[in-house]
Each structure stands twice: as structure tokens, then as C-alpha cells.
Amino acid sequence: MTTMMNRPASAPGDASGRKPLIERLNIVTALVVGTVSAIVIWQLALHFLPQDAETASFFNREDKISLMSLIAWFVGFMTGIGALIGPFRWAFGKDLNHDENMFLAGKDQGIKRYFRYTTDHKVVGIQYLVITIIILFVGGTLAMLIRTNLGHPQGGWIHPQAYNAIVGWHGIIMIVATIIMITGPFGNFIMPIMIGARDMAFPRLNALSFWLIVAAIPPVFISFFTGGITTGWSAYNPLASQAGLGMNGYIAFICIFAISTMVAGANITTTVVKMRAKGMTWNRTPIFIYGVVASVALALPAFPVFFLSQIMSAMDRAFATSFYNSAAGGSGWLYENLFWIMGHPEVYVILIPSVAALMEMAPVFTRRPLFSFNLAIMGIAGISGLSVLVWAHHMYISGWAPLLNAPFMLTTELISIPTGMLFLVLIGTLWRGRLWMTMPLMSIFALLWNFMIGGITGIYLSDVPADAFLHGSMYVTAHFHYTLMGAGLTGALASLVYWFPKMTGRMFDKTLSWVSFWLVQIGFNVAFIGMFLVGLAGQPRRVESYASIFNKGNLITTMGAYTIMAGMLVLLHGVISSWRNGVKAPMNPWQAKTLEWTVANPVPLENFETLPVITSDPYGYGKAQS
Amino acid sequence: MSELHTSNKAQWWKSADVKKTAILWVILTPIIGYVGTVVQLRSIGAPASEVMASVKSLMGIFTWAAAPVAGLVAALAVTALLGDRHYGDNPPEEADHEIRNSPRAAATWVIVSTLLCLFALITGLIVLQKDAKSLLDAKAININVTGQQWVWNFDYPESDGVRSEVLYLPVNKPVVFHITSKDVKHSFWVVQMGIKMDANPGYVTETAVTPDKIGVFDIRCAELCGLLHAYMQNKVHVVSQADYDSWLKTRAALEGAA
Ligand code: HEM
Ligand SMILES: [Cu+2]
Ligand SMILES: [Cu+2]
């Protein structure tokens, strides 16, 4: 160890001696250590764990083995990527020195730093961007399998078991992708520069939050081969306790992801509170920052509950406890409550940063100030506050507490007031603007359209008598795709085009951004209007075949889905081709006034040579008539 | 702000874009309301109970209440889009105003959305109240519904333990369903009657309806319950009182014989 202290840790490929440990760890060592640990624990457990007694009422030896192997994978992977080096060195009184910290920050490592436990927020942002694209790609492929199977009433070519597994897999990984799609790439890469900071408050936690997501993914992939997540993304018990070993993959995935979200939430919140540039008072802080903070701060109360609900699920499976087993004194309603106490705030975790990103772009592309900054903050705060008080609108007809239906109907419908404020801010900014016709600008219009439909259908759903008809039908599926995709994803794609020049140094191909925009938006509206109609006609959700009266609507939806796919592939092509040989971007291609556009391309390691001092908010567009 | 601007403000409704918005609003609102209602209500189909009829009218009312809001947003968006557009790789000049706020517009917006919200709440509560009362009807027929993977069973405890996989109901008589499950959660949905209630293992939940049309309607499970969830469907036959009585009699005889 002493030798390591003395030599510059960043000297790349020192051929003479062995490289210090910190330089040898990367994604390959992580995968190897993780896999080996999982296999070792699996084999040990297989040999030494006693068989279930034949008289036992529960057989859970397999569950124990698979959960232990998954935990071993997790610990092994995190060790192999180097997450433990910092804490251990610190605990033994040999904290990392300057050179080692610079190595961790990714100094002079070229492409390799993207495959390491790198702490630079810009590297983490790019890593998040890539992993989001990968998850969206896999999730999209699964969606196409679902839609293709539903092109015909008798479904048919996918076995019901596999179909249910695909639906669950699609649901949960898309939820994760949409949760990270803005706060991950743009919250990490752009946000610190936007507030005039040199890095995040806790750079190592930043690396940790990203690599936890990477560690979480293999369990959910493997689950597909051990029976699958056949319960939908909500994994209700007792259906989940009845399902096969694949559920353990779901449990591991959620638990690890929840830790990642909590770590990221603490890190981002602290960064914004403590590290804003001199003079950046709350009134001069860009609205996107508010969106990011609201999102991760909402996740702070929500995800521990999700974590807990899955730990209890694991205990029911592996140790025959009875949290959710009504035959032994538990209750499935307990699970539903825990799930939706996370589940409703979580939908705003997804929505808020997306709307806030479009609010950030609105003044840039209309060349006028943001309309009613204060109302925007009120709206975000109001939604965040109310969103923890509405969860039981997902349980109106569960029979759990009929007397609470009216109060939950009240809180749910109240959310439309702060939501309306967000609409006013966007529409007010468009009003009398000089519209610069770009894909991000049109995304604002698309969001208004889609979220209008998503929000109004939300009101029908929050009405108890109407929900007694609509719950559990395709109508609900269409509603939340309008909000998650129509509003959330639209904002994320606009963010991608808008911040692409800063993140990659190149402009996003304009033609491709337009083509993909129209394909995605048109396909989306075709697909999900069709889905509303079959829902109203009485088609339940998560079905693998359906009565032939629903055929036309499903066919429309499937055609829309293929159009979306085409649009997304065009977008993917745009990302790859523009990244590799797009037009070199100037420092401030949009002539915007936030700080991230004042730093050079590529952004230097420490962002700012001298830290900026802020004297006004970034919305000083427009000139008074004289 | 300049002299000109303030005088503009005094007669803000006279400016061309405001007029354009107003005209668009007047045009778009009925279109949105009409299309929204017709498309949705037509997809739902004919109701087979008063509960379902009130769901349909609720959705119609909500759509019409939402139409002016959606119409206004659409009118404003279209006006903006028809206004001052610029193409090209460089930003247009900055707009020639710097309006950052309009307390009047904001206050109006918030007050109107609050009122609409209250309206939705009250209409919903009125219907909810009516639905809740029907659970207490002493003259109602009681039927026990049991879900299990992947069938429904219906017990008629007031009629010598008749049990059936197909539901028979007399027309115009109130019914209360007592619903439970043997394994996992299911959801008992009588589509055309607009009622749905989860079937939970270990608990009994209740819902009530009075069918008011003779005919055959659909029962579908509305909660993912495993492998064959999609096939957990069934029919409900709503028949005249006489037909109902004779059906019960033959079923009872069958049970006795078995
Ligand atoms: C404008 C306000 C909104 C209202 C009043 C509203 C209301 C509701 C209600 C009552 C349900 C339950 C339906 C049922 O299961 O019977 C629901 C489901 C859902 N909503 Fe919303 N919603 C709103 C906005 C959003 C937004 C912004 C998102 C996401 C970005 C969202 C995502 C979801 C999801 C994911 C579900 C279904 C979850 C599931 O069952 O799998 N909603 N919504
Ligand atoms: Cu919700
Ligand atoms: Cu079912």
C-alpha cells in the first residue's frame, strides 16, 4: 500500500510493476467477481442447506438458495467494481490521496473511465444516458412482442406463461428507465454545471448510484429464465408468493434499485442545497433544478417503502413469514398499500423533471422570459406534497377501506390544481413568443396535448363510481402511457436533443430529430387512443387473448406501436450517427442563458476555471418595447 | 413598461391574437366536448343497470366540463403556433416584450381550476352515495361469489344452496354480491352493469347492483391472477322473475339429485 501512496496513481499502463488495485478494477472484474461469488454461494447452499421436511407446509429451500446467490452476486459485483475501496481505506485510516482521487475522477483515461467506478459527474451522466438507452431498447422490444401477440384475438404464438413474464418484465424495467431517464443523464451531467458547481456534493456516492443500477439489472434478466416475473410490475401478493423463482430476481432488482435511488436522492438534494454558485438565490435558480430536486426528494420517502415491501415479500417466500398471507394472519392489502405508497409518488418522480426540463427550454425557444416562475414552483411543490396523500386511488375497488374512498377522491382531484399551474406556465411562455421551430419546441406542444389527455382521463379514474367501471381495464393502461410516455418520455427526448451538444460536443441531426419526433408522436397517439377505446368497451389489461369484439382497437394499437418503434429506431440512429460524426457544436448553440452553456466543449474536468457569480435569473429574454 | 404597453394592457382584448384565441376557443370547445363524449360513450355501449347509466353520464359531464379548459389550452397553443415562427439554425431575435407574469391571468386560472375540481368532486360524491346505499337494501337477493384460478362460482344461499358457474339474475331486483377468493386476488367485473369489486383471499367484500335489462352480459376478471387470467370470463344471464324462479328450481333439483 505504501508504494501506491508514493507513485502517481494515474500513470496509465505502467508496464514494469503491478498496477495498484484501484486501477485494475473495472466492469470486467466486477462481472467476474459477481458471477463467481454467485456460483460459489449457489453451490455451497445447494450442498449444505437442509432439504425441506416432507411434511412442511411450505417448500422454500429453492427460494433461500436463489436469494442467497443473488445477494452474493450483488456483493461480489460491488466489490469487483471497487465500491468498497474508499470506505475500507478510510476506515483503516488511509484515505485516498489526491492522485488517487484524480484517478477516480477519470483524469486522462479516455474511454476507459466509462467502464470504471469513475466519480466525475459528467462521466456518470453519460453512463446513465447509455444505460437508459439500453433499457429503453430492451423494454421497447418487449413491448413489440406484447403488441404483436395482441394483433390477433386468440393471441396465440406466445405461451401464456411467457406472455405474463414479458408483461411484467416490460413494466418494471420501463418504470426504472423512466425514473432515471432525466435525473440520471441530465441531472448528473448538466445539473451541477447549471448551478455553477465543480462536481456533485458526494462524487463517490454518484458513482455508487450508477453502478448499483448496473448491479440490479442481471437479476431481472436472469429472472426471465427462472420462471419470470409473471405478476405484472406491481407484483401483488399473494400472486407473487405463488409465482416461481423469477420473483426473487424482481425482489433483488427492486431492493438494489431502491438503494441507488436513495443514494442519488441524498446526493442531488445536498448538491443543490449546498453548492449553488455565489449569488444563485432560490429565485435565480433555474426551474429545471427545481424539477430534479422535487423528483429525487419525492423518491426519498417513496423508495424505502418499496424496499421494505420487497424485503417482506422475500421473507414470506424464504422463511414462511406471513406479512401478506391472509391464511396465517397477514394481508394482501398490506402489500397493496406499501406498493402504492411508493407507486403514486413514483409517477410524479417521473413526470416532474420532464415538465421542468421543457419549462427550461420554453424561454430558450420562444426568446421570451419564462411565464410565472413562481407559479411553476408552486405547481411543483403542490404536486409533490399532494402526491404522497393519494395512493389509495389505486385501491378504490380492492375493498380495503370503502370509507376512505371519498377522502382519497378529494386529494386526488386536488392534484389537478397544481397540475393546471404547470400548464399555465408552459402555455403562458408560448404566448407571444418568437417560436424557434425545433424538435424541443414542438415537444412542448406535444406534451401539452398528451398530458391534457392523460390528465383528464386521470380525473375520470379518480372518480370512484367511474373507476369501478374503468379499473383493471386497458383504459388505465392507456392513461398511464399517456402520462409516462406522452408527457414523460416526450420531455426526455427533447432533453436529449437539447443537451446533446453539451454532452457530446456535437449537434443532434436536425432531420432525424424531426422524423423521429413525428413518428413517435403520431404512432403514440394512434396506439393509445385505440387502447382507450378497447378499455371502454370492456377489455381487461394484462390479458394474452381477448374477445373478438376488441380486435379492431387492438389492431390499431399494434399498428401505432410499430410506428413508435420506427420512430425510436430513427432516434437511436440519430444518437449514434450524430455522436460519431455530427456537426461540431459551438459552445452555446441555442443562445441560452443558463450556466451550462458558458463552459467549453468538451466540458473541462472541473467545469469552471473560476466559479461564476450570478446576478440575475436565466430568463432575461425579450426587450421592452420602446 | 412603456406608455404604449400600458395602454395596450387596458384594452388587451382588442389585440389581434387575443381575438384569434377567443374565436378558436369558441370553435374548439364544442368540438372537443362533442368528439370526446361521443367517441367514449359509444365505445362503452348500452348500460344494463342504473349504476352503469350513471357512470356514462358522469363521464359525459366530466368531458363537457373539461372541454372549455382543453379548448382554451388548444386555442392558446394554436394561436402561438400560427404566430411568429422562425426556422433555421440560428435563434430568432428576442421577443419584443418581457412579460414575466400576469397576476390576473394566474389568479383566474387557479380559481377556475379549483371550481372545476370541486364540481368533479361533488358530482362524484353524489353518485358514490347512491351506490353505497344500495348495499344496505334489505330486500336484495344475496349471492356469494368465489373466485379461484381461473373460474367464478356463484352460490345462492337463500335458495337451498344452489351453486352455479353461470350467473343468473332476475331483472329489476336488487342484488348484493359477497365476494371472496380461494387463492390469489381476482376482480369481479360485470362489464355492462358497471360494477367491479376485488375478490381477496381471506376477506369478503361487497358490491350491489340492480340489473334493468334482460339479456346476456359479460363477467371478466379484472386483476391479473396468473396463467389463465385472460380466460377467466363468464356470462351473466338477466332473465324475467318467472324464468329466474324456474331456473332456481331446476338447479335445486340437480343439486338434490347429485
Ligand atoms: C393529472 C392527474 C392524475 C390523476 C388524477 C391520476 C389518476 C389516476 C388514478 C385514479 C389511477 C388509478 C386507476 C386504476 O387503477 O383504477 C391512476 C393510475 C395510474 N396513473 Fe395516474 N393520474 C394522474 C396523473 C398521472 C401521471 C402524471 C402519471 C405518470 C407520469 C400517472 C401514472 C399512472 C400509473 C402508472 C397508473 C397505473 C398504475 C397501475 O395500475 O399499474 N398518472 N391514475
Ligand atoms: Cu396514482
Ligand atoms: Cu384474473
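Every residue gets a number counted from 1 within its own chain, in the order that chain's sequence is written. Each chain is given a letter, starting from A, and each ligand a number, starting from 1, according to the order in which they appear as written. Confidence filtering applies because this is a predicted model: local features only for residues at pLDDT of at least 70, side-chain atom pairs given and counted only at 80 or more, and all residues used for totals across whole chains, interfaces and linings. In computing side-chain properties, one takes all heavy atoms of the structure into account and sets aside hydrogens as well as water.

**Here we look at the coordination of the copper ion (ligand 3)**
All names here are of chain B. A donor here means an N, O or S atom no more than 2.8 Å from the metal, or no more than 3.2 Å when the metal is Na, K or Ca. Since water is not included, a site may seem to lack partners. Bound to the copper ion (ligand 3) on the protein side are Cys221 (SG), Glu223 (O), Cys225 (SG) and His229 (ND1), at distances that span 2.1 to 2.5 Å. All geometry calls rest on donor angles, where a four-donor set with angles between 85 and 135 degrees is tetrahedral, four- and six-donor sets with opposite donors more than 155 degrees apart and all others between 65 and 115 are square planar and octahedral, and all else is irregular. Relative to the metal, the 4 donor atoms surrounding the copper ion (ligand 3) lie at angles of 88 to 128 degrees, and the coordination shape comes out tetrahedral. Donor residues for the copper ion (ligand 3) sit on one chain with the sequence pattern C-x1-E-x1-C-x3-H. The two residues Glu223 and His229 agree in class, both being buried. Exposure classes here rest on a 1.4 Å probe applied to the protein chains alone. A residue is buried below 20% of its type maximum, exposed above 50%, and partly exposed in between.

**Some remarks on the nonpolar core**
Counting 217 residues, the largest nonpolar core has Ile172(A), Tyr250(A), Ile287(A), Met359(A), Leu470(A), Tyr498(A) and Trp499(A) as the members making the most contacts within it. Ranked by residue count, the leading element in this core is helix α14 (residues 332-366) of chain A, at 18 residues. Contacts between residues were defined by any pair of non-hydrogen atoms, one from each residue, lying within 4.5 Å. Setting aside its immediate chain neighbours within four residues, Ile287(A) contacts Ala356(A), Met359(A), Glu360(A), Leu370(A), Phe373(A), Ala376(A), Ile377(A), Ile380(A) and Tyr619(A). For the purposes of this section, nonpolar cores are sets of buried Ala, Val, Leu, Ile, Met, Phe, Trp, Tyr and Cys residues that join through side-chain atoms within 4.5 Å. Core analysis: the next-biggest nonpolar cluster, separate from the first, contains 37 residues, Val145(B), Tyr168(B), Phe177(B) and Val239(B) among them. Counting from the N terminus, the helices are the DSSP runs of H or I reaching at least four residues and the strands are the DSSP runs of E reaching at least two.

**Here we look at the packing of helix α13 (residues 287-319) of chain A against helix α15 (residues 373-387) of chain A**
Axis angle and axis distance: for two packed helices, these are the angle between their axes and the distance between the axes, and together they describe the pair. All names here are of chain A. Relative to each other, α13 and α15 sit at 5 degrees, their axes nearing to 11 Å. By the angle between their axes, α13 is roughly parallel relative to α15. Along the contact surface, α13 presents Ile287, Tyr290, Gly291, Ala294 and Leu298, while α15 presents Phe373, Ala376, Ile377, Ile380, Ser384 and Ser387. Residue polarity follows a fixed list, in which Ala, Val, Leu, Ile, Met, Phe, Trp, Tyr, Cys and Pro are nonpolar, Asp, Glu, Lys and Arg are charged, and the others, Gly among them, are polar. Across the contact of α13 with α15, the residue classes break down as 8 nonpolar, 3 polar and no charged. In this analysis, axes come from line fits to C-alpha atoms, helices being fitted only over the stretch in contact, and the angle between any two N-to-C directions falls in the range 0 to 180 degrees. Roughly parallel covers angles under 35 degrees, roughly antiparallel covers those over 145, roughly perpendicular covers 65 to 115, and oblique covers all other angles.

**Topic: the interface of chain A and chain B**
In this complex, chain A contributes 92 residues to the contact, which on the side of chain B involves 88 residues. As a working definition, buried area equals the accessible area (1.4 Å probe) given up by two parts on being put together, with both sides summed. Carbon and sulfur atoms make up 64% of the area that chain A and chain B hide from each other, which totals about 7700 Å². The rule for a salt bridge is simple: a side-chain nitrogen of Lys or Arg has to be within 4 Å of a carboxyl oxygen of Asp or Glu. For the pair chain A and chain B, the interface holds 7 salt bridges. The shortest N-O distance in the salt bridge between Glu336(A) and Lys185(B) comes to 2.9 Å. Pairing of N or O atoms within 3.5 Å defines a polar contact, subject to two protein rules: one partner must be a possible hydrogen donor and the other a possible acceptor, and residues neighboring in sequence count only if both atoms are side-chain atoms. Where chain A packs against chain B, one counts 37 residue pairs in polar contact (both at pLDDT 80 or more). The element contributing the most residues to the side of chain A that touches chain B is helix α17 (residues 416-430) of chain A, with 8 residues. Pairing of strand β1 (residues 434-436) of chain A with strand β1 (residues 84-86) of chain B, which is carried by 3 bridges, proceeds in the parallel orientation. Within the sheet, the bridge partner assigned to Arg434(A) lies in β1(B) and is Asp84(B). At least two bridges found by DSSP between two strands are what make those strands a pair.

**A word on the site of ligand 1**
All names here are of chain A. For each residue, the test is whether any non-hydrogen atom lies within 4 Å of the molecule or strand; if one does, the residue is near. Around ligand 1, the surrounding shell holds 22 residues, and the nearest of these are Trp233, Asp467, His471, His479 and Arg541. At 2.9 Å from a nitrogen atom of ligand 1 is found a side-chain nitrogen or oxygen belonging to His479. Sorting the residues of the shell around ligand 1 by element identifies α14, α18 (439-462) and α20 (474-504) as the ones contributing at least two each. Tallying contributions element by element places α18 first for the shell around ligand 1, with 6 residues. Tallied by class, residues from the shell around ligand 1 come to 11 nonpolar, 9 polar and 2 charged.

**Topic: the packing of aromatic side chains**
What describes a pair of aromatic rings is the distance from one ring centre to the other and the angle between the planes of the rings. All names here are of chain A. Geometry of aromatic contacts follows a simple scheme: Phe, Tyr and Trp rings, the Trp one being its six-membered ring, pair when their centres are within 6.5 Å, and the pair is stacked under 30 degrees between planes, edge-to-face over 60, tilted otherwise. Applying the stated criterion to the full structure yields 51 aromatic pairs over all chains. Members of the aromatic cluster, connected to one another through ring pairs, are Trp233, Tyr236, Phe253, Phe257, Phe303, Phe306, Phe323, Tyr324, Tyr335, Phe339 and Trp340. The lysine or arginine in question, Lys593, covers the ring of Tyr621, its NZ or CZ lying 4.6 Å from the ring centre. Distance and angle both matter: a charge sits over a ring if NZ of Lys or CZ of Arg is within 6 Å of the ring centre and within 35 degrees of the ring normal.

**With respect to the pairing of strand β10 (residues 215-221) of chain B**
All names here are of chain B. Judged by how many residues are buried, β10 sits mostly within the fold: 6 of 7 residues are covered. With 6 bridges joining them, β10 and strand β11 (residues 233-239) adopt antiparallel strand pairing. Within β11, the position partnered with Phe217 by the bridge is Val236.

**Concerning empty space enclosed by the protein**
Residue and element names in this part refer to chain A. Here a cavity denotes a set of grid points, spaced 1 Å apart and computed over the protein atoms alone, in which a 1.4 Å probe fits but from which it cannot get out, and a pocket denotes an open set meeting protein on both sides within 12 Å along at least five of seven lines; residues with an atom within 4 Å of a point are reported as lining. Grid points are joined across faces, edges and corners, and a volume is the space filled by probe spheres set on the points. Tallying each qualifying case throughout the model produces 9 cavities of 30 Å³ or more. Of the voids in this model, the largest cavity is the one considered here, and its volume is about 140 Å³. Lining the largest cavity we find 16 residues, and of these Ile180, Thr183, Thr261, Ala264 and Val296 sit closest to its centre. Every element with two or more residues in the lining of the largest cavity is listed here: α8 (160-183), α12 (246-274) and α13. Tallying contributions element by element places α12 first for the lining of the largest cavity, with 5 residues. For the lining of the largest cavity, the residue count by class is 10 nonpolar, 6 polar and no charged. Approximately 110 Å³ is the volume attributed to the second largest cavity. Contributing to the lining of the second largest cavity are 15 residues, with Ile22, Ile81, Gly82, Leu104 and Tyr117 lying nearest its centre. Top element by residues in the lining of the second largest cavity is helix α5 (residues 85-91). It accounts for 3 residues.

**Things to note about the confidence of the model for chain B**
All names here are of chain B. Every residue gets a pLDDT, meaning the predictor's confidence in that residue, from 0 to 100. The share of residues in chain B with pLDDT of 70 or more is 95%, and the mean pLDDT across the chain is 90. Element-level mean pLDDT values for chain B span from 49 in helix α1 (residues 3-10) up to 96 in strand β7 (residues 186-190). Under a pLDDT of 50 for its full length, residues 1-7 has, in the predicted model, 5 contacts with residues more than four places off or in other chains. Here the prediction assigns the complex a pTM of 0.93, and the interface score ipTM is 0.94.

**Let's talk about the coordination of the copper ion (ligand 2)**
Six octahedral donors around a metal ideally subtend angles of 90 or 180 degrees, whereas four tetrahedral donors ideally subtend 109.5 degrees. Residue and element names in this part refer to chain A. Within the first shell, the copper ion (ligand 2) binds the protein through His344 (ND1), His393 (NE2) and His394 (NE2), at distances of 1.9 to 2.0 Å. A distance of 4.6 Å spans the gap from the copper ion (ligand 2) to the iron atom of ligand 1. Of the two residues, His344 is situated in helix α14 and His393 in the loop between α15 and α16 (405-414); the sequence distance between them amounts to 49 residues. A residue is classified by how much of its surface remains accessible, and His344, at 7% relative accessible area, is buried.

**Considering the domain arrangement of chain B**
Residue and element names in this part refer to chain B. For the domains described, the bounds stem from an automatic or database domain assignment. According to the domain assignment, chain B contains domain 1 (11-83 + 99-133) and domain 2 (137-257). Averaged C-alpha coordinates put domain 1 and domain 2 at centres separated by 38 Å. Counting residues at the interface gives 8 residues for domain 1 and 13 residues for domain 2. Here domain 1 packs against domain 2, burying approximately 680 Å² in sum over the two surfaces, 52% of which is carbon and sulfur. Broken down residue by residue, the surface that domain 1 buries against domain 2 is led by Ala48, Ser49 and Val51, which jointly contribute 58%. Applying the counting rule to domain 1 against domain 2 returns 0 salt bridges. In this structure, the connection of domain 1 to domain 2 is made through 5 residue pairs in polar contact (both at pLDDT 80 or more). By residue number, the principal contributor to the side of domain 1 that touches domain 2 is helix α3 (residues 50-82), which donates 3 residues.

**Quick word on a nonpolar patch on the surface**
A surface patch of nonpolar side chains, about 620 Å² in accessible area, is lined by Val28(A), Val32(A), Val33(A), Val36(A), Val40(A), Leu44(A) and Phe48(A). Relative to the elements of secondary structure, Val28(A) occurs in helix α3 (residues 27-48). Patch building starts from residues that exceed 30% relative accessible area and form no salt bridge, then joins like charges within 9 Å and nonpolar side chains (Val, Leu, Ile, Met, Phe, Trp, Tyr) within 5 Å. Calculation of accessible area relied on Shrake-Rupley with a 1.4 Å probe; when residues are assessed, cover is drawn exclusively from the protein chains displayed.

**Some remarks on α3(A)**
Residues and elements named next belong to chain A. For a helix, the expected span equals 1.5 Å multiplied by the number of residues minus one. Between its first and last C-alpha atoms α3 spans 31 Å; for 22 residues at 1.5 Å apiece the expected length is 32 Å, and the two agree. Along α3, the residues classified as buried are Ala30, Gly34, Ser37, Ala38 and Ala45. Down the axis of α3, the smallest arc covering the buried residues is 100 degrees, so these residues share one side. Among the exposed residues of α3, those pointing more than 90 degrees away from its buried face are Val28 and His47. Elements that come into contact with the buried residues of α3 comprise α4 (61-81). In this description, one arc is meant: the one made by directions from the helix axis to the C-beta atoms.

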